[in-house]
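# Structural characterization, general
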Amino acid sequence: MSERAAPFYCPYCGDEDLRPSAEAHGAWECAACSRAFQLKFLGLLSQGLKRSDSGGAEI
Ligand SMILES: [Zn+2]
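Residues numbered from 1 in each chain as written. Predicted model: local features only at pLDDT ≥ 70, side-chain atom pairs only at ≥ 80, totals over all residues.

## Structural notes on the overall build of the protein
Under the convention used in this document: Every helix listed is a DSSP run of H or I at least four residues long, and every strand listed is a run of E at least two residues long, numbered separately from the N terminus. With C-beta atoms placed from the backbone, a residue counts as buried when 20 or more other C-beta atoms lie within 10 Å of its own, as exposed when 12 or fewer do, and as partly exposed for counts between those limits.
Scanning the protein from terminus to terminus reveals zero helices and three strands. Scored against the burial criterion, the 59 residues of the protein give a buried share of 2%.

Here's what the structure looks like:
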């Protein structure tokens, strides 16, 4: 499993014209809004994603 994650859309303007940035690992540049951002993998969720179908009520 690669650590590299590729975004499909700019999180700021939603454009798809993204290119990898040479400035930092995991950094991307948006050609539409000229923003640079970085993706970082934080880890796996301890419980995973579960649907609350077990009858447990939240809050
Ligand atoms: Zn953008």
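## Regarding the sheet that holds strand E1 (residues 18-20)
Here is the rule: For two strands to count as paired, DSSP must find a minimum of two bridges between them. In this analysis an axis means a line fitted to C-alpha atoms, helices contributing only their contacting stretch, and an angle means the value between N-to-C directions, from 0 to 180 degrees.
Across the sheet, which stays open at both edges, the three strands sit in the order E1-E2-E3 with antiparallel pairing between neighbours. Lying at the two open borders of the sheet, with one neighbouring strand each, are E1 and strand E3 (36-38). The mean inter-strand angle of the sheet, taken between neighbouring strand axes irrespective of direction, is 30°. One ladder, built from three bridges, connects E1 with strand E2 (residues 27-30); its direction is antiparallel. Residue pairing across strands places Pro20 opposite Trp28, the latter belonging to E2.

## Things to note about the environment of Trp28
Inclusion rule: C-beta atoms are first placed from the backbone for all residues, and any pair lying within 7 Å is then listed as a contact.
With respect to the helices and strands, the residue Trp28 is situated in strand E2. Sequence spacing of Trp28 and Gln38 is 10 residues, and the spatial spacing of their C-alpha atoms is 6.0 Å. Those residues within four positions of Trp28 in sequence are excluded, and the remaining contacts are Pro7, Leu18, Arg19, Pro20, Ser21, Ala36, Phe37 and Leu39.

## Digging into the environment of Ala6
Residue placement: Ala6 occurs in the segment before E1. With 10 C-beta atoms packed within 10 Å, Ala6 lands in the exposed category. For Ala6 and Pro20, which are 14 residues apart along the polypeptide, the C-alpha to C-alpha distance reads 8.7 Å.

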